Amino acid sequence: MHFKFCPDCGRELSGRELGDEGLVPWCDSCDKPWFDVFPSAIIALVYNERGEVLLLRQSYISTEFCNLVSGYITPGESAEECAVREIFEETGLVVNRLELKLTSWFDRKEMMMIGFFARVDNGELKLSGEVDSASWHHKDEILSLVSTRPGSASRLLCERFIASHP
């Protein structure tokens, strides 16, 4: 979100040169900058001890491609806490190892995606209402099932998983 008015006092913002940041929105009344803000979300490639990857079907996201677990980070929550929470909420699985693998700008939604590999023990899937279905896939199958959009966080995570798990 790009601020045009000060969220504190409502006054129209001017521009001010601020160090290396260049021209930033500035409130002359409150004497402070208002940098652009954007949502942040996690995306997690969930895999088990056999190296199988869990892919989700979520028609509200895509009717064409499978998805990885994802969700918005809430105020006060770390990206790691969010990943563990979202994986449990969407699949019922408990994470036993979490590795940060990427950050990726999602231009279409103007959002920062923070990507993880999340290892889980096999357990019974308990899918949330957000998930239509979920299934385990061999790593050789996953690229044909996720988005083909270059630079998509799900595709990048899948490519990195394949490269790091021979």
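For the structure itself, consult the block above.
Below or above, wherever it landed, is the structure these notes cover. (Residues numbered from 1 in each chain as written. Predicted model: local features only at pLDDT ≥ 70, side-chain atom pairs only at ≥ 80, totals over all residues. Heavy atoms only, no water.)

### Some words on unusual backbone geometry
Across the chain, the bulk of peptide bonds are trans and the bulk of non-glycine residues have phi less than zero. The backbone phi angle of Asp31 is positive, close to 60°, even though this residue is not glycine. Inspection of the secondary structure puts Asp31 in the loop between strand E2 (23-27) and strand E3 (32-33). The class of Asp31 is exposed, set by a relative accessible area of 51%. One non-glycine residue with positive phi stands out, namely Glu110, at about 45°. Mapped onto the fold, Glu110 is located in the loop between strand E7 (95-106) and strand E8 (111-120). Judged by its relative accessible area of 51%, Glu110 is exposed. (Helix = DSSP H or I, 4+ residues; strand = E, 2+ residues; numbered from the N terminus. Buried < 20%, exposed > 50% of the residue type's maximum accessible area, 1.4 Å probe, protein only.)

### A word on helix H3 (residues 153-164)
Between its first and last C-alpha, H3 extends 16 Å over twelve residues, near the 16 Å set by a 1.5 Å rise per residue. All of the buried residues along H3 are Ala153, Ser154, Arg155, Leu157, Cys158 and Phe161. Packing partners of the buried residues in H3 comprise strand E4 (40-47), strand E5 (53-57), E7, E8 and helix H2 (139-142). (Expected span 1.5 Å × (residues − 1). Contact = heavy atoms within 4.5 Å.)

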